[in-house]
Amino acid sequence: MTVMMPASDRMVLDRRSAIVADLCAIVPGEGVISSAAEMLPYESDALTAYRQPPMVVVLPETTEQVSRVLKYCFDNGIKVVPRGSGTSLSGGALPLEDGVLLGLSKFKRIREIDFDNRAVVAEPGVTNLAISQAVAHAGFYYAPDPSSQIACSIGGNIAENSGGVHCLKYGMTTNNVLGCEIVLMSGEILRIGGKALESAGYDLMGIITGSEGLLGVVTEVTVRILRKPETARALLVGFAQVEAAGECVARIIGAGIIPGGMEMMDKPAIHAAEAFVHAGYPLDVEALLIIELDGSSIEVDELIKRVEAIALGCGSTTCRISGSEAERDLFWAGRKAAFPAVGRISPDYLCMDGTIPRGALPRALARIRELGEKYGLGVANVFHAGDGNLHPLILYDANKPGEMDKAEAFGAEILRCCVELGGVLTGEHGVGIEKRDLMPHMFSEVDLNQQQRLKCAFDPQGLLNPGKVFPTLHRCAELGRVHVHGGKLAFPDLPRF
């Protein structure tokens, strides 16, 4: 498949050899990769349907190197695409033919663990899971836990505002990150936030988290860590109808119970995950809820009784409660392995990401079934039921002519349906290139222009990750920003207002 990206700058491409040599001087040793064969691993992120080799890959090791690389590119009008671990599912790290791919994989140190302030300071290349592992000995953990947590980086989590199965109770990345060090396209280094729970002034962390590398490059992250709950137990609750499972989710939340996590899988996903992990999932149900309850032992025992009663009232056909920590982990292992498990039953699949109000879940699932019949493609549904974050996995075979096109059209209709039901285009995967051209379905031109004005404040030349998020990227001057170059205004004879 092809996707429209910013036109390549031929003047930059003609200077490629000189640019590579200059970058080698800034990041010596093995910090620059320029051969076509060695750059192949960087030609896409986890949305592998779209591929584009970069002009050059740069792998800095220090904030000072990142600053020098960005300032060099700023001074020479060279585009830059930041990249973490490359696990993004939205094409947010798709390189540009005339751009530098700036990889942060060498930033993999945990700089400080501060149990008194319940904070960890880490470099952006540290994996999500590594933070929890580093503090586990003291009974702490980092709450957001994407399914890719063994591989995804904390810097990438900030870029996409990642969630995970426990985001229902403990929040997304934006609720758990306290501060960061960020390098602007000009090379300027800023420190925003810190270990304190609140910072004075504007909520700049709220702007940076989820900004998909359009505003700056994060080189240090401060996150909050939490005490592990005294007790955590998980329930596997099966239903003969998907709609009944959706009703159960609504009733649990309506009863004032906020589980640590509440996930749903439909029959195709259940069968794929069970064959892959052998977690003991029931195979004779149409929908399965995994509900985790945590807190004190007495509280969890009481909540289990209440949830069991609610599920039975919604027509549950099976209910199994974890009897040990190992069994609870096994329940979750099946869910976290659902994406690779589905990869075993289909040559290819598109993993969609949209969010709807919980009450609209039955209508959304019914619509997905209708669309599957319309396009003649299978679909497996795996999603964060508690917060309405859907992850339909559209099954197709890229070797069959036209199937990729059908899968993309199917996915676009799902996302439009999410917006029409009162939801949004993304829950945790970001927009990237995957949902970029659907942004006008959710935002007006005025909304999009205002968002781009914010980008202009951070990146006036539009060099950071262009072609992502915005369906039409305007120059800052087109949005009312006056660009001053060399201390001189363009057209100085014109009156200014």
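The structure we're discussing is the one just above.
Here the residue index of a chain counts from 1 through its sequence in written order. Selection of residues for local features in this predicted model requires a pLDDT of at least 70, selection of side-chain atom pairs for listing and counting requires 80 or more, and totals for whole chains, interfaces and linings are taken over all residues. The basis for every side-chain value is the complete set of heavy atoms in the structure, and neither hydrogens nor water enter the calculation.

S.K.: Explain the packing of helix α9 (residues 242-254) against helix α11 (residues 297-313) to me, and be specific about the residues and the numbers.
M.R.: Closest axis-to-axis distance for the α9/α11 pair is 9 Å, and the angle between their directions is 140°. Overall, the two elements α9 and α11 adopt an arrangement that is oblique. In terms of crossing hand, the pair formed by α9 and α11 is right-handed. Between α9, through C248, R251 and I252, and α11, the contact on the second element is made entirely by V307, I310, A311 and G313. To get an axis, a line is fitted to the C-alpha atoms, and for a helix only the part in contact is used. The angle between two axes follows their N-to-C directions and goes from 0 to 180 degrees. Helix and strand assignments come from DSSP, with helices taken as H or I runs of at least 4 residues and strands as E runs of at least 2, each series counted from the N terminus. By the definition adopted for this analysis, an angle is roughly parallel if under 35 degrees, roughly antiparallel if over 145, roughly perpendicular if from 65 to 115, and oblique otherwise. Here is the rule for handedness: rotate from the far helix to the near one, and if that takes an anticlockwise turn smaller than a right angle the crossing is left-handed, while a clockwise turn gives right-handed. Residues count as neighbours in contact if any of their non-hydrogen atoms are within 4.5 Å of one another.

S.K.: Account for the environment of R436, with residues named and values stated.
M.R.: In this structure, R436 sits in the loop between α15 (403-420) and α16 (439-442). Spatially, the C-alpha atoms of R436 and L425 are 9.7 Å apart, while their sequence positions differ by eleven residues. One polar contact links the side chain of R436 to the main-chain carbonyl oxygen of M4, over a distance of 2.7 Å. In the analysis that follows, any N or O atom pair within 3.5 Å is treated as a polar contact, provided that within protein one partner can donate a hydrogen and the other can accept it, and provided that, for residues neighboring in sequence, both atoms belong to side chains.

S.K.: Residues and numbers for the side chain of N157, please.
M.R.: Tracing the sequence through the fold places N157 in helix α6 (residues 154-160). If we skip the residues at most four places from it in the chain, N157 touches N128, P146, C152, S162 and T173.

S.K.: Any details on the nonpolar core? Residues and values, ideally.
M.R.: By nonpolar core we mean a set of buried residues, namely Ala, Val, Leu, Ile, Met, Phe, Trp, Tyr and Cys, connected to one another through side-chain atoms within 4.5 Å. The cut-offs for exposure are 20% and 50% of the maximum accessible area for each residue type, with area from a 1.4 Å probe on protein chains only; residues under the lower value are buried, those over the upper are exposed, and the others partly exposed. Judged by nonpolar contacts, the single largest core of 64 residues is most densely connected at F239, M264, L289, L293 and F410. For this core, the element with the highest residue contribution is α15, accounting for nine residues. Apart from the residues lying within four places of it in its own chain, the contact partners of M264 are V242, A245, G246, V249, L288, L289, L361, N381, V382, F383 and A385. Counting residues in hydrophobic clusters, the runner-up holds 27 residues, among them V20, V27, V56 and L463.

S.K.: Which residues make up the sheet that holds strand β10 (residues 217-224), and what are the values?
M.R.: Hydrogen bonding along the main chain pairs the strands of a sheet, whether they run parallel or antiparallel. Here the rule is simple: two strands pair whenever DSSP picks up at least two bridges between them. With antiparallel pairing, the five strands of this open sheet are ordered in space as β5-β6-β10-β8-β9. In this open sheet, the two edge strands, each paired with only one partner strand, are β5 (110-114) and β9 (189-193). Going across the sheet, the axis of each strand differs from the next one's by a mean of 10°, ignoring polarity. Judged from the five bridges that link them, strand β8 (residues 177-183) and β9 form a sheet pairing that is antiparallel.

S.K.: Got a sec to walk through the packing of aromatic side chains? Specific residues and values, please.
M.R.: Both the distance between ring centres and the angle between the ring planes are used here to describe each pair of aromatic rings. Ring pairs are drawn from Phe, Tyr and Trp, using the six-membered ring of Trp, whenever the two centres fall within 6.5 Å, and their geometry is named by plane angle: stacked under 30 degrees, edge-to-face over 60, tilted for the rest. Taken as a whole and judged by the stated rule, the model has three aromatic pairs. Considering the side-chain rings of F115 and F140, the 5.2 Å spacing of their centres and the 35° angle between planes classify their relative orientation as tilted. A residue pair is termed long-range when its members are at least 10 positions apart, and F115 in the loop between β5 and β6 (119-122) and F140 in strand β7 (residues 140-141) qualify at 25 residues. For F115, a relative accessible area of 28% puts it in the partly exposed group. Owing to a relative accessible area of 4%, F140 belongs among the buried residues under this scheme. Measuring from centroid to centroid gives 6.4 Å for Y141 and Y170, while their planes differ by 85°, and the two rings are edge-to-face. One end of the pair, Y141, is in strand β7; the other, Y170, is in helix α7 (residues 167-170), and 29 residues separate them in sequence. In terms of burial, Y141 and Y170 fall into one category: buried.

S.K.: Describe the pairing of strand β18 (residues 379-384), listing the residues and the values that go with them.
M.R.: Within β18, six of the six residues are buried, leaving the element largely enclosed by the surrounding structure. Residues V379, N381 and F383 of β18 are buried on one face, and the alternating residues A380, V382 and H384, pointing to the opposite face, are buried as well. Here three bridges tie strand β13 (residues 261-266) to β18, and the two strands are oriented antiparallel to one another. Considered in β18, the bridge of M264 is made with F383.

S.K.: Provide a residue-level description of the state of the cysteines, including the pertinent values.
M.R.: Disulfide: a pair of cysteine sulfur atoms within 2.5 Å of each other. For the structure shown, the criterion picks out one disulfide. Note on cysteine connectivity: C456 is disulfide-linked to C476, with sulfurs 2.3 Å apart. Where C456 bonds to C476 through sulfur, the torsion about that S-S bond is close to -105°, and the disulfide is left-handed. Residue C456 is found in helix α17 (residues 445-458), and its partner C476 is found in the loop between α17 and β21 (484-485); the two are separated by 20 residues along the sequence. Just as C456 is buried, C476 falls in that class too. The structure places no disulfide on C180, whose sulfur is separated from the nearest cysteine sulfur, that of C152, by 17 Å. Exposure remark for C180: the relative accessible area of 4% places this residue in the buried category. Left unpaired, C319 is separated from the closest cysteine sulfur, that of C248, by 9.2 Å.

S.K.: Any chance you could break down the pattern of salt bridges for me, citing the residues and the numbers?
M.R.: Think of a salt bridge as a Lys or Arg side-chain nitrogen and an Asp or Glu carboxyl oxygen that are within 4 Å of each other. A full pass over the atoms with the stated rule returns 30 salt bridges. The partner of K79 in a salt bridge is D98, with the nearest N and O atoms 2.8 Å apart. Of this pair, K79 sits in strand β3 (residues 79-83) while D98 sits in the loop between β3 and β4 (99-103), and the two are 19 residues apart along the sequence. With relative accessibility at 2%, the residue D98 sits in the buried group. Here E247 makes a salt bridge to R251, at a shortest N to O gap of 3.0 Å. Placement of the pair is E247 and R251 together in helix α9, with a separation of four residues, close to one helical turn.

S.K.: Could you give an account of the packing of helix α14 (residues 361-375) against α15, naming the residues involved and the relevant values?
M.R.: In contact at an axis separation of 10 Å, α14 and α15 are set at 155° when each is read in the N-to-C sense. The orientation of α14 relative to α15 falls into the category roughly antiparallel. For the crossing formed where α14 meets α15, the hand is right-handed. Mapping the contact onto sequence places R367, I368, L371, G372, K374 and Y375 in α14 and K406, A409, F410, E413, I414 and C417 in α15. Of the residues belonging to the contact of α14 with α15, the class tally is seven nonpolar, one polar and four charged. Gly is put with the polar residues, along with every residue not named as nonpolar or charged; the nonpolar set is Ala, Val, Leu, Ile, Met, Phe, Trp, Tyr, Cys and Pro, and the charged set is Asp, Glu, Lys and Arg.

S.K.: I'd love a proper account of the sheet that holds strand β1 (residues 32-33), names of residues and values included.
M.R.: The four strands are arranged β1-β2-β4-β3 in an open sheet whose pairing can be described as mixed. One side of each edge strand has no neighbouring strand; the edge strands of this open sheet are β1 and β3. Note: β1 against strand β2 (residues 56-58), two bridges, orientation antiparallel. Residue pairing for β2: I33 is matched across the bridge by V57. Lying on the sheet, helix α4 (residues 63-76) is in contact with β2, β3 and β4; it crosses β4 at an angle near 170°.

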